[in-house]
Structures are given as structure tokens and as C-alpha cells.
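# Reading the structure
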Amino acid sequence: MDMAFLESSIGVEDLVLLEPLEEESLLKNLQLRYENKEIYTYIGNVLVSVNPYQELSIYGPEFIAKYQDYTFYELKPHIYALANVAYQSLRDQDRDQCILITGESGAGKTEASKLVMSYVAAVCGKGEQVNSVKEQLLQSNPVLEAFGNAKTIRNNNSSRFGKYMDIEFDFKGSPLGGDITNYLLEKSRVVKQLEGERNFHIFYQLLAGADAQLLKALKLERDSSGYTYLNREAPRVDGMDDASNFKALQSAMIVIGFSEEEFRQVLEVTAMVLKLGNVELADEFQANGVPASGIRDGRGVQEIGELVGLNSVELERALCSRTMETAKEKVVTALSVIQAQYARDALAKNIYSRLFNWIVTRINESIKVDTGEKKKVMGVLDIYGFEILEDNSFEQFVINYCNEKLQQVFIELTLKEEQEEYKREGIPWTKVDYFDNGIICDLIEHNQRGILAMLDEECLRPGVVSDSTFLAKLNQLFSKHEHYESKVTQNAQRQYDHSMGLRCFRICHYAGKVTYNVNSFIDKNNDLLFRDLSQAMWKARHPLLRSLFPEGDPKQASLKRPPTAGAQFKSSVAILMKNLYSKNPNYIRCIKPNEHQRRAQFSSELVAVQARYLGLLENVRVRRAGYAYRQAYGAFLERYRLLSRSTWPRWNGGEREGVEKVLGDLSMSSEERAFGKTKIFIRSPKALFYLEEQRRLRLQQLATLIQKMYRGWRCRIHYQLMRKSQILISSWFRGNMQRKRYEKMKASALLIQAFVRGWKARKNYRKYFRSGAALTLANFIYRSIAQKFLLRLKDNLPSTSILDKTWPAAPYKYFSTANHELQKLFYRWKCKKFRDRLSPKQVETLREKLCASELFKGKKASYPQSVPIPFYGDYIGLQESPKLQQLKGGEEGPVLVAETVMKVNRGNGKTSSRILLLTKGHVIITDTKNSQPKTVIALDSVARVSVTSFKDGLFSLHLSELSSVGSKGDFLLVSEHVVELLTKMYRAVLDATQRQLPVTVTEEFSVRFKESSVAVKVIQGPGGGGKRKLSCKKKGSRCLEVTVQ
Ligand SMILES: Nc1ncnc2c1ncn2[C@@H]1O[C@H](COP(=O)(O)OP(=O)(O)OP(=O)(O)O)[C@@H](O)[C@H]1O
Ligand SMILES: [Mg+2]
């Protein structure tokens, strides 16, 4: 076997692929998977489910979603996969479906049916209406479980009735409603339970969950131990909360559509059943000594009467007596205690089972589909499995009968179908033998010679009838039947079997041999309720109770016997079979891994038994006898076409040709495969594994390829997108930037333009501005002020005398510079005018005065006095005296100065008068008496002149030593007009020799005198000013001190 393929699954997921195919390997495979919590395994399309007895995290919305999206073989085996196949083929192929869930008690049938329902509810249509239908269908479970389930030794929540539920859908696959059929409630449980078992859940739920007020109204007590019908031993079940289940029941009933009143009535009837159990019967004796019975304590009956509106006396009578009616007369007989107890229990059982039927009918009313449109139906059958108890009675007999029938369906639809498929497909093949249980079914149900028919016959037969007569009849009829055994038949065959009781018969069911005890077969089949009781019940005022016993109505009373329980069951099984045959079956085979309801415990023996009677191995064998695997060409091609280059990725030819191509390319041997009309058949699992392995490898390759392509594609797309985006962004950005720049430039240009224009405009219009006006005004005012100022000045000009220096002040400070300039101008103009008027003589005079000023102004104290005095020049009357004129000698030109001077003797300091003439070329000094000149000095011999700064007239003529007169030494003279004399001399020297005569103003100087020099020192005498008086004093030979007074 290919191990790689096994790695992904635990064991094999489909038993068809099991190798070697033996019971042992099959069990091993189941066990291996079970131990790894893989509770589901396929046999083809049959699901084998092993009860995990623990919560597995493989259910719920995610798993539902997953299984919804995949086909059957793609995921691990799961009940959801099966439900999905059924629902999809119902919805898409319009085939009504049935899901047959079989298995022993506790194998997980009910759980499986709930899982299927919840799956379908989750995947089918949605909407308010649809949801409420779904809710009603789902909520029917807790109600049915409360009334129909009980704790048994095998299963804490054992369904004590068979259930078949049709869920009806519209053409879209949305649920419309449903219909529930119940089979054979185990009503004996109402009055008696085995050790360790309980009565139906509802009793415990009611006592635990009802509030005190309700309990009081129902006249019940909370303590369950006070009720005879409730087994004292096991009031509690682990993991089951009766009180909260009661609440759930209540809300479920409301959801389904029970009214509050109906709910209450149901509880009242339930309470009545409980209370009936507590009615104690006691011996009484009639007058004739015949034993009779009576009620020991009237209170219970009283309370029942109050509860359901029944006369307690009548109830007592009905319980303790029996009316026999024949055509002619009515006979009332008293019942013994045993009989009365039997009657009471029969009543309780009947009330309860009728109540149960009523509830089912009531639920059906709610979930019934009204519309007349065509419906699609999915049936779910959750029915008791094959039962082999220690003591098997009528119930086990019918249950096992039902299972025989179901096995028949299974055989018909699966095994036969398989063989017929080969025929249909035209595949040559050898027939596989399998056990056909038709013979057993016949043994039980044959209309004339079946066990049930015999039982009915016994029940109806007049005369003494008992279970023993019934057994005798069977022994007689089936002495040769290969599936029937009893002590009698064994004895006849000389077999010794101490396990077989005398009152027993044994049937070799397909699932194994079961020994039934015939005790109470007749009674149970009759299922009679004394008419007194049904009539009494009918008389109750309680509407529900009353409606449960329609035959109690005297008007309806018929003497015709109702059908026996066996006959009823047979007919309902027949209806069920018909129903199932009309639908496409889906099988769930539930297996119980151990007897102890324990997790992770796998009892091979127990499973082997179940596997045997479920016919699992046969199932696998038949499926594999010819070909382990088959698939329609289309689906097969779809799955494997990737294995051939011709069919992958595209195939345009027919499906069959495609499959041939694929298998041809894989060079699969012709023995391994067969081509049917519509399907391809693969013979060995090995070949299939090979195909799968190839597919897996190819898938990996393809996945890589797809990945590669996809990644490349994605990157390309991504890159292109990015590029596009980048271009877009950059174009936007650039555009935006340029636009912004342009806007900015435009704005700037406009701004500049505006400024320029504004500036130009302003410039043009400035003159019109107010601010310009101010300037103009100011200018105007300023001009007018200036004008005014000038005009006034014109009118008020000072005199034209040059000595007059007055000038009007400026009226404003800012005219002061201009005013000053004007003053200067005016003055200059005045001077010019004055100068223009001067004669040349006057000019000459003024020049002399100017020269004097240059020489002495500020240097000599006598200068200021000389200024106003005109220079006469002639102070000795030279003009009038010719004698004096002679002194001039022959020299041309006028005499510039003629005056009398004092000559200071340099030797002694004494002064003597002399006449001094200054001509243009000479200085002539003459004695006053003498008419001849004494000394004539050429002007160019005069080197320099010294004067004092005082007011005196002393001056010294320093002669150049080279000249002829100079040898006599310098002259020290005193003149009255020393300023005039020296000025004229200076000018004459300048004219004659172009030399500036140095005039030194000093108080100490030296004069040459006969080859030596005398220092002259002039001192200011104390007289100051006044008369110019001079006194010279000789100090030593070389110093002369002159004192000026
Ligand atoms: N799939 C499952 N997952 C978990 N627990 C399960 C599963 N199936 C069954 N069980 C457990 O097994 C118990 C018995 O199951 P269930 O009631 O479905 O048995 P059954 O076949 O209906 O028995 P009966 O014939 O007595 O009604 C459940 O109460 C539950 O605890
Ligand atoms: Mg069940």
C-alpha cells in the first residue's frame, strides 16, 4: 500500500480501500481511527459512525461552512458530508432523500439525526419565515425527547420510540415544514422500569422544574420518591439537569405553537398518570364471596378527579369493575386486586401513550405544510436498533422485525443496487452472494403464515387463548423453518440447548439469534383497555384527556375490535418501507464502541457483533467484488484530467474519451479498469491510491505553477499600478507646481504692473493731490513772504553812507542767511558806489591811509589818532617858501613829506631840531637854519625802520652798511607825524626799489653809531597818553634809555 497516501489519513477513510479485507482489519481500522478521534468512516457512500462519548470539536458553523463548499471525498469523512450530499441532491437533482440512521441503543442515532437536521437548517434558505420553520423543526426534538426518552442502562437519553421525520422543502430548497411519524412508544416503562433505569424524562423534569405554585395546582409533591411509578433508585442522571430541561421544554413548546393552556393541560394529564400510580387498591369481598377490590385511600382518586374534572366514584368504579356487554345484556363484574391493578396500569400506559401521540399530532399540526405546491422531501429515520436482551418480549420482537425490514431496504437499495449497477453499466461480473433476509421477514410478517398473523389469529380466536397456545401454534407451523427454533423443534432434532426456555422461541435474525419469551405476547398484542375506563375518561371535563379517548363516547361505541398492536405496527412499517423505497437512501450506521458509555474505549468484540449484523463487511465486499471504485465519467475526468497533457488544461472531446486518455497516459493495465456506459470502474484500491498519489503530485506541481504565475501576475499588476500611480502623481504634482508657479508669477506681474501703473498715475496726478497742494501753497506762501520781505526791504533800505552799517533784521529766521548775504551785497554795492565817486587824489590819499593801516594798525598806539587826520605832507610851508624849496635840490618830483623832526644824538641822548624832506628817491635831512641839505639818504640805502608801539614819534632809520651815508650810522629821529612819514617812506621805497621796507615795531632795538651799536630801550613813562614827551638818557656808552611820557 502506498504509505504516502496514508500519511494524511488515519487508517483508511473508506473501508472499500481496506487491504486485506477481513473482519479483523476492518475492526482494526475502525479502532485506529476511533482512538484518533476519527469517528466517521465511509463504505462508499455509507457513513459508519462510532459513538465518541465525548464532545468533539468537529461540529459547528465553521465545519458546516467547510463541508458545504466541498464534495464528498474531498474532506475527511463526516456526517456533514453525508447530509450535504443528501441536501444537494434533493435541491439540485430534485430527488427526495431519506437518511436511515440505524444502530444499537446508545450508538448515537438521535445525536446523528440532530446533527443532520442542524446541518440542513444551517445551509438551507434564510429569511424570517424560513427561520421560524427551522426553529419549529429543531425545537420538536426537546419536546419529543422529554416525553419519549428515558434513561436506560445503555443510554442516559434513550429514545423509547421510533421516529421518522419528513422535512419538506420548496423548489429552492428552503424548508416549508415537516411531518413526524412515531413508532411504538415503549409504554410499559410508564408503570415499571428495570433497575438502574428511569421513567420518561418528563416526570422528573416536571417535579424538578415546576415552581411550587404549579406543583400545587397539579397536586404534586416535589419529592420523586413519593411516586410508585418512578423508580426509587435513579432519580438523577449524570450530566442531565431536569429542572433546566423543563424550562427548555416549556420554551420549545411555545416556539412550536402550543398555547399556555395546552401546555398546562399536557402537564395535568402527565400529573394524572403519576397520581394514578399512587392509587392503591385493596381486597374487598362481595356478598357472594367473590373477591373484589376497592380503593384504599380515597384521597388520591379524589385529587385526580379534581385535577381532570372527573367524578371520583365513577373513576373508582371504572378501576375496580368491568362491564361485559353482549348483544343482549350488560354484566358488571368486580375485579380482583390483581385485575384492578392491571386495569390501573393499563389506564396509565394508555393515557401516556395517547398523550404522546397527541403531542406528535399537535406538533405536526404546527409544522404542517399548507401550500399545495410540489414539495421535496428529506426523511430522517431514527429508529431503535436491533435489540437482544436477556429477556426478550413482544416489544423486542416488533423492534427486531422493524430492523429486519430496514435491513431489507438496505439490501435492496445497496447490495442489489450495486449488482444491478454493473448490469446497467454493461460490465461483465460475477455475482457476489450476500444474505438476503427476505425469508426472515416472511417468517414474521407473512399475511397468512407469519408469526404476527398467528398472534392475531390467537388473539381473535374464541375459546381459551393463552401465550402457550400461541407458542404451540408457532412450533407446529415453523417446525421446519431454518430461522425458527424452540425447545420443541430442538427436541425434534435432538438438540440439547439449555439456554432455550420452555416458553421461548428463537428467531435467527440476520443480525443474530434472539430468544423471545412468549409471556404476555397475547395481552400486549391485544392492547385492550376496558371499555369502562375509556368511557370514564371520556366523561372527564378535561378537554385534552377527553379527546384522548374518543372511543369512550357511547354513541361511537362499536363492538368491533380495534386492530391489534402487531397489526398496527406491521402496517405502519409497511407504510414506512414504501416511503423509504420511494426515496434516495443515505445510510448512517451507528456503532457503540463499549457498553459503559465511556470515551476512548473500544471493545472489539462488541463492535464485531455490530459490524456483523450491520453487514459492514458484506457491504464492503459487494462494493469491491467487482470494482472498488466507480465514478461517473464527468466527475472522474474533472478530478483526474490534470494527469494527462491531452486533457489538461482543456479537453474538448467527450467525457469518456477524456477518461480513456487519462488512464491511457498513465498506462494503467486493462484489468484494473472497466468502462461502463456512464461510469468508469477501478478495480483495486491500489490503482486508486496510485491515481490519487499522481494527482497529489500533479497538484503540487500545478500549485507551484499557479503560484508562480499568480505571483508574477500580481507583481506585474502591482508594478503597473504603482507606475501608473507614480506617473499620475508626478504629473499632478508637476502640473500643480507649474500652475502654482504660474499663478505666483502672474500675481507678481500683476502686482508690479499695478504698482507701475499706480506710480505713473500718481505721478501724473500728484499735482491734483491734496498733499501736492500743501507744497504748492507752502511755496506760494513762502514766495509771497519772500516777496513781501524783499519789497519791505526795498522800501526800508538804510542810507547809502558807507559808514552806516545798519540793516533791518530778517523777519523770519530762515531769511537770516539771505538777509546777511543781502546786507553784504548792499554794503559792497554802497562801497562800490562810494569808490566810483572818489577822485584820483582821494584814491591816492586812501591808498596811503590803507598802507598806514597795514603797517601800524593794532601795532602802534598812536595809529588810531592818525586815521582821521589827512596826510598833508607839508607841515613847514614849503610851497610858499622858495628857500625851503631849495633844500630839495635839483631833484625832480614832488616832496612827499616836509616837516620838522627831532634828531636824537646818539652819543649823549640830546635832541636837536631838523627839517626832513622825503622825496621819491631820497630822505633829506637839513638843519633848520641851514639852507643846504645836511644829509641826503637815497631810499635804497634805507634797510629798515624801527618804531615803538607807544604813542611817541621815535623811529630809527637803519641804513645799509654798504651805502655812503651809512658809514655815519643809523638815524634816531622823533617825528610828530611818524605814521604818515613812515607810510609815505614805505610807499616811496616800494615805488623806487620794488622792495618792501621792513618796519619793525619794537621797544628794544639797536642803532649803529660810529662803527659800534647803541642799544635803545624805550620805556613807557608814568604820565601815560597826553603829550608826547620824550626824554633820552644815556646809560653807559652803549645803551640809550628813552622814556616816553
Ligand atoms: N457525535 C457524538 N458526539 C458526542 N457524543 C455523542 C455523539 N453521538 C452520541 N453521543 C453520546 O452518546 C449518547 C447516546 O446517543 P444517542 O442518544 O444518540 O443514542 P441512540 O442511538 O439514539 O440510542 P437510543 O436507541 O437508545 O435512542 C448521547 O447522549 C451522547 O452523550
Ligand atoms: Mg435515540
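Scroll up for the structure.
Bear in mind that the values here come from a model prediction, so they are computed numbers and not experimental data. (Residues numbered from 1 in each chain as written. Chains lettered and ligands numbered in written order. Predicted model: local features only at pLDDT ≥ 70, side-chain atom pairs only at ≥ 80, totals over all residues. Heavy atoms only, no water.)

### Here's the deal with the site of ligand 1
Residues in contact with ligand 1 amount to 17 residues; listed here are only the nearest, S105, G106, K109, T110 and S158. Within the side chain of Y59, one N or O atom sits 3.1 Å away from a nitrogen atom of ligand 1. Within the backbone of S159, an N or O atom sits 2.7 Å from an oxygen atom of ligand 1. Surface burial for ligand 1 is 87%, taken as the share of its 620 Å² of free accessible area covered by protein chains. Elements supplying a minimum of two residues to the shell around ligand 1: α5 (109-123) and β5 (158-159). Here the shell around ligand 1 gets 3 residues from one element, more than from any other, and that element is α5. Classifying every residue of the shell around ligand 1 gives 4 nonpolar, 10 polar and 3 charged. (Near = heavy atom within 4 Å. Polar contact = N/O pair within 3.5 Å; in protein donor to acceptor, adjacent residues only side chain to side chain. Areas by Shrake-Rupley, 256 points an atom, 1.4 Å probe, with all protein chains shown as cover. Helix = DSSP H or I, 4+ residues; strand = E, 2+ residues; numbered from the N terminus. Nonpolar A, V, L, I, M, F, W, Y, C, P; charged D, E, K, R; others polar.)

### Let's talk about unusual backbone geometry
In this chain, E19 is followed by P20 through a cis amide linkage whose omega measures -10°. With respect to the helices and strands, P20 occurs in the loop between α1 (3-8) and α2 (23-35). Omega for the bond connecting W648 with P649 falls within 30 degrees of zero, at 0°, which places this linkage in the cis form. Mapping P649 onto the fold places it in the loop between α25 (633-640) and α26 (655-665). Within the chain, K37 stands out as a residue other than glycine whose phi angle is a positive 60°. Mapped onto the fold, K37 is located in the loop between α2 and β1 (40-43). Non-glycine residue Y53 carries a positive phi angle of around 50°.

### Considering the pairing of strand β25 (residues 954-959)
Working note: regular strand, side chains alternate between the two faces of the sheet. Along β25, 6 of the 6 residues are buried, which leaves the element largely enclosed by surrounding structure. The two faces of β25 match: L954, S956 and H958 on one face and F955, L957 and L959 on the other face are all buried. Taken together, strand β24 (residues 942-947) and the strand that follows it, β25, pair antiparallel across an intervening segment of 6 residues. Pairing geometry for β25 and strand β26 (residues 971-974), over 4 bridges, is antiparallel. Each residue of the ladder has a partner; that of S956, found in β26, is L972. (Buried < 20%, exposed > 50% of the residue type's maximum accessible area, 1.4 Å probe, protein only. Pairing = 2+ DSSP bridges.)

### Quick notes on the coordination of the magnesium ion (ligand 2)
Binding of the magnesium ion (ligand 2) to the protein goes through T110 (OG1) and S159 (OG), at separations of 1.9 to 2.1 Å. On the criterion of sequence distance, the pair formed by T110 in helix α5 and S159 in strand β5 is long-range, its members being 49 residues apart. Looking at S159, the relative accessible area reads 17%, which means it is buried. (Donors = N, O, S within 2.8 Å, 3.2 Å for Na, K, Ca; no water.)

### So, the sheet that holds strand β12 (residues 376-382)
What the 7 strands build is an open sheet, ordered β1-β2-β16-β3-β12-β6-β7; its pairing is mixed. At either end of the open sheet lies a strand with only one pairing partner, and these are β1 and β7 (175-183). Across this sheet, the average inter-strand angle for adjacent strands is 20°, counted without regard to direction. Where β1 lies against strand β2 (residues 46-50), 4 bridges are found, and the strand directions are antiparallel. Note that in β2 the partner of I43 across the bridge is V46. Sheet contacts for helix α6 (residues 128-148): β6 (162-169) and β7; angle to β7, the most-contacted strand, approximately 15°. (Axes fitted to C-alpha atoms, helices over the stretch in contact; angles between N-to-C directions. Contact = heavy atoms within 4.5 Å.)

### Remarks on the environment of R198
For R198, the position within the fold is in the loop between β7 and α7 (201-209). Judged by its relative accessible area of 0%, R198 is buried. R198 sits 49 residues away from N149 along the chain, and the two C-alpha atoms are 9.6 Å apart. Side-chain polar atoms of R198 contact the side chain of D242, separated by 3.1 Å.

### Overview of a nonpolar patch on the surface
A cluster of nonpolar residues, L705, I706, M709, Y710, W713 and I717, forms a patch on the protein surface that exposes about 610 Å² of accessible area. Looking at the element boundaries, L705 is found in helix α27 (residues 685-765). The class of L705 is partly exposed, set by a relative accessible area of 41%. (Patch = residues over 30% accessible without salt bridge, like charges linked within 9 Å, V, L, I, M, F, W, Y side chains within 5 Å. Salt bridge = Lys/Arg side-chain N within 4 Å of Asp/Glu carboxyl O.)

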